[in-house]
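Inside the fold
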Amino acid sequence: MVNCIFCKIIAGDAKSYKLYESEYSFAFLDINPISEGHTVVIPKKHVQSIEEWPEDVASHFMVDLVKISKHIKEALKLDGINILQNNGKAAGQVVMHSHFHIIPRRNNDGVLNIEMLGKNRPKMTDERFKELHEQMKLK
């Protein structure tokens, strides 16, 4: 993709601090990190959203994502990591090349936790859970 910054990074046409590269994935330090060591992992094939991923790319990519995550946690001696993926503008996706964020975490680091998200969480009833279950389950 000509104007995609992530495609430019993969091609070597834009600066990055590459951490890992395989046939299917490319990992580099985020230029606007949430915490030190924040890493972006992208598929080398340009796809905008996760629904577009071919199965072979997805399976190989996930193996790489696990490998990279383990390495970062060990290399930085972390207490934990968050792995985030924003899919679509409404979800906060800024670069329209599908990607995952590995965010290094330390105890009491002050970085937002998932429990703090969603101030307007829905009040769920058992009936609504049943309706959603029927609507959403894979058949």
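Everything in this summary refers to the structure shown in the same document. (Residues numbered from 1 in each chain as written. Predicted model: local features only at pLDDT ≥ 70, side-chain atom pairs only at ≥ 80, totals over all residues. Heavy atoms only, no water.)

Within the chain, the secondary structure is distributed over 3 helices and 5 strands. Put simply, the chain runs from its N terminus to its C terminus through helices and strands in the order α-β-β-β-α-β-β-α. For the chain, the spread of C-alpha atoms along the three principal axes comes to 50 × 35 × 25 Å. In the chain, which comprises 139 residues, the proportion classed as buried is 31%. Summarising the internal contacts of the chain: among those between residues at least 6 apart in sequence, 50% fall at separations of at least 24. Surface exposure of the chain reaches about 9,800 Å², of which carbon and sulfur atoms provide 55%. (Helix = DSSP H or I, 4+ residues; strand = E, 2+ residues; numbered from the N terminus. Buried < 20%, exposed > 50% of the residue type's maximum accessible area, 1.4 Å probe, protein only. Contact = heavy atoms within 4.5 Å. Areas by Shrake-Rupley, 256 points an atom, 1.4 Å probe, with all protein chains shown as cover.)

Moving on to the nonpolar core. Of all hydrophobic cores here, the largest spans 13 residues; its most connected members are Val41, Trp53, Phe61, Leu65, Ile68 and Ile102. Taken together, the elements giving at least two residues each to this core come down to helix 2 (55–75) and strand 5 (100–105). Considering every element that reaches this core, the biggest residue donor is helix 2, with 5 residues. In contact with Ile102, not counting residues within four places along its chain, are Gly37, His38, Thr39, Val41, Leu65, Ile68, Ser69, Ile72, Ile81 and Asn82. (Core = buried A, V, L, I, M, F, W, Y, C linked by side-chain atoms within 4.5 Å.)

A word on the pattern of salt bridges. Summed over the entire model, instances satisfying the criterion amount to 6 salt bridges. Among the ionic pairs, Arg128 bridges to Glu131, the shortest N-O distance being 3.0 Å. Taken together, the positions of Arg128 and Glu131, both in helix 3 (residues 126–136) and 3 residues apart, correspond to about one turn of that helix. A relative accessible area of 41% means that Glu131 is categorised as partly exposed. Because the salt bridges share partners, they merge into one network encompassing Lys18, Glu21 and Lys44. (Salt bridge = Lys/Arg side-chain N within 4 Å of Asp/Glu carboxyl O.)

Here the focus is the sheet that holds strand 5. If you walk across this open sheet you meet the 5 strands as 1-2-3-5-4, and the pairing is antiparallel. A single partner strand is all that each edge strand has here, and the edge strands are strand 1 (18–21) and strand 4 (80–84). Adjacent strand axes in the sheet meet at a mean angle of 20°, parallel and antiparallel pairs treated alike. Of the strand pairs in this sheet, strand 4 and strand 5 are connected by 5 bridges, and their pairing is antiparallel. Bridge pairing in strand 5 links Asn82 to Ile103. (Pairing = 2+ DSSP bridges. Axes fitted to C-alpha atoms, helices over the stretch in contact; angles between N-to-C directions.)

Picture a little ball the size of a water molecule; that probe, rolled over the atoms, points out where space is still empty. Empty space within the largest pocket amounts to approximately 420 Å³. Phe6, Asp30, Val40, His99 and His101 are, among the 20 residues lining the largest pocket, the residues nearest its centre. Among the secondary structure elements, those contributing two or more residues to the lining of the largest pocket are helix 1 (5–11), strand 2 (25–29) and strand 5. Examining the composition of the lining of the largest pocket, we find that 3 residues originate from one element, helix 1, more than from any other. Taken together, the residues of the lining of the largest pocket break down into 12 nonpolar, 6 polar and 2 charged. (1 Å grid on protein atoms, 1.4 Å probe; cavity = no way out; pocket = protein on both sides within 12 Å on 5 of 7 lines; lining within 4 Å. Points joined across faces, edges and corners; volume = space filled by probe spheres on them. Nonpolar A, V, L, I, M, F, W, Y, C, P; charged D, E, K, R; others polar.)

Under the defined criterion, the tally for this structure stands at 5 aromatic pairs. Each ring, one from Trp53 and one from Phe100, has its centre 6.1 Å from the other, and the planes form 85°; the classification is edge-to-face. Residue Trp53 is located in the loop between strand 3 (39–43) and helix 2, and its partner Phe100 is located in strand 5; the two are separated by 47 residues in the primary sequence. Neither residue differs from the other here; Trp53 and Phe100 are each classed as buried. Among the aromatic residues, those joined into a cluster by ring pairs are Phe6, Phe26 and Phe28. (Phe/Tyr/Trp six-rings, centres within 6.5 Å; stacked < 30°, edge-to-face > 60°.)

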